[in-house]
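Report on the structure
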Amino acid sequence: MKNKPKRCYTRLIDLILNTILLLICVYTIWKAVRLSILPESWLFLMIAALLIIFFIFFILMLKKTPKWVLIVKRSILVVLCAVIGFVGYSMRNAGKAIDKVSVYSKDNKVKIHLIATKSSEIQTAKDFSSKTVGIQNGTDQESSAYGCEQLEKDAGNTILYTEEIAYSTLADLFLANMLDGMVISDDYLDMLNANVEGFKDSYRTIETYEMKRSIDESKQKDVTKESFALLVSGVDEMGAADMTSLSDVNILLFINPVSNSIIMLSLPRDSLMPRYSMNFENDKLTHTGWGGISDTKQTIEHFFGIEIDYYAKVSFSSLIEIVDAIGGITVDVEIAFSEQDENRSFAAEDLITLEAGEQHLNGKQALAYARHRKTANYDVAGRERAQQRIIKAIIDKLMTPEGIAVYVNQLMDTVPKYVVTDMPGNQITAFIKGELSELKPWSIQSLSNNNGIFDTRSVPNIPQGADCYLWNQYDYARVLDAYQATKDNLKFSDFNFSLNQPMKYLPNVTDNQMIVWDFLAIQPH
């Protein structure tokens, strides 16, 4: 009598593997639900697929199988655990990244750290009595105020505070031993660790507080159905995006999620505008960077009489890291040129040289293209076109199925360290969720602004006169028209204007007497 074929199985190993698979599936589903970034249909399909996979392997576990089938089954189980676990881990990272990049996290909770220099003898919060502590009074002032309140409960009110608009300025003082400690929120601490050389190894965390941020209702809108205006503001230095420096790049994006259209406008850095933080005395737009992103945003809002819903502040480092994180971008470079590198080096070995034409750019090349303006007849207008092309290339790449599936996740590790925004975390996830449910192409249009002229004008801190850009009323009115058209859910192609009657279809130009128009130029050039 022949022996039955030998069947090999070990229930315990299969039970352990199936239990691990179940736990990983539950974890991934929980993260997907909590992140709230997937459309309901996608989420349902994912849950159904994971449950089916688990029950298939659970049933197979109960059956006797040949040894080779057992090996294949367990190998597939291990691979599935790794893949599904990676998806759950990615969703966890995406949630953390969205909370960190936004001034307003999804759950409105933030960790605030009290740190001291490694060389100091400070061991507890009480030891900060009569010590010098740095706090930020800019975009994170709510966290700073709460941290100080908690610190004073232990150390009393004898603490000496040094206030600065930017954490990067405080970091320099901290590294120079001019501060005994700092109060800093979790997301900005990560930013300093990534951008300020030597900072990561310079401190010890003495205490960590948790605060629930107040909700700014003005930031809560349905970004899947309502249009919104976004200001992208860039400082002209490498390092943390929260630094106070010249605001060299200011691009307005009027975003309409209903018509899937974006109207993009570059504001000349030398624009003469009534400055918000200086009682509306006329100053160059780029100088508002010294007053922080709030000064820049409110100056632009007052100038145009519009509401900017959100801002995103970046630095040179931001552009390099973002472009590299998505594997580079394809851009049609307008001219051939050579430009200094990110460290402002003109040494022959450091120069970045690009030829004209469509090509793939890495982060450093993209920055060089975004900065270049010295070529004759290219100038600032050419640089603004380049910046818009780069932003369009980034958006185009991210709005593809591949971009959403691959590059958005990679970007989540980069953005929190290099971007500061006041768009709440729940708004960011709602916008991404809306895009995933539709996956429709976006129309991106650039609005030209080239009818103004330069004039020599006295501005604060430069009384002898500086080159300032004076706006043309027609260009100004077209910005208002684009803003209103976006709110009315019109597409760029729906605009109506006539070259013979350029102001006929455009809104009335403001009667703000503080705006200096191009026809008032004293020394036009």
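Above this text is the structure in question.
No experiment lies behind these values; they were computed from the predicted model shown.

The rules behind the values
Residues numbered from 1 in each chain as written. Predicted model: local features only at pLDDT ≥ 70, side-chain atom pairs only at ≥ 80, totals over all residues. Heavy atoms only, no water. Helix = DSSP H or I, 4+ residues; strand = E, 2+ residues; numbered from the N terminus. Buried < 20%, exposed > 50% of the residue type's maximum accessible area, 1.4 Å probe, protein only. Contact = heavy atoms within 4.5 Å. Areas by Shrake-Rupley, 256 points an atom, 1.4 Å probe, with all protein chains shown as cover. Pairing = 2+ DSSP bridges. Right-handed = clockwise from strand over helix to strand, strands pointing away. Salt bridge = Lys/Arg side-chain N within 4 Å of Asp/Glu carboxyl O.

Description of the overall build of the chain
A tally of helices and strands in the chain yields 13 helices and 19 strands. A burial count over the chain gives 53% of its 525 residues as buried. Put simply, of all contacts in the chain between residues at least 6 apart along the chain, 74% involve residues at least 24 apart. For the chain, the accessible area works out to roughly 24900 Å², and carbon and sulfur atoms hold 55% of it.

Some remarks on the pairing of strand 3 (residues 160-164)
Pairing analysis gives five bridges linking strand 2 (residues 132-136) to strand 3, with the strands arranged parallel. If you follow T132 over to strand 3, its bridge partner there is L160. In terms of handedness, the path from strand 2 via helix 4 (residues 141-155) over to strand 3 forms a crossover that is right-handed.

Looking at helix 5 (residues 167-175)
For helix 5, the full list of buried residues reads Y167, S168, L170, A171, L173 and F174. Backbone geometry just after helix 5 places N177 at a positive phi near 60°.

Thoughts on the pattern of salt bridges
Per the stated rule, a full pass over the model turns up 14 salt bridges. Of the charged contacts in the structure, one is a salt bridge between E334 and R389, with a shortest N-O distance of 3.7 Å. Of this pair, E334 sits in the loop between strand 12 (329-333) and strand 13 (337-339) while R389 is found in helix 10 (residues 379-398), placing the two residues 55 residues apart along the sequence. For R389, a relative accessible area of 31% translates into the label partly exposed. The partner of D455 in a salt bridge is R457, with the nearest N and O atoms 2.8 Å apart. One exposure class covers both D455 and R457, and it is buried. Here the salt bridges share partners, and the residues they tie into one network are D248, R269, D270 and K284.

Regarding unusual backbone geometry
The backbone of N260 sits at a positive phi, close to 50°, despite the residue not being glycine. When you line up the elements, N260 lands in the loop between strand 7 (247-256) and strand 8 (261-266). Despite not being glycine, N279 has its phi angle at roughly 55°, a positive value. Topologically, N279 is positioned in the loop between strand 9 (272-275) and strand 10 (281-284).

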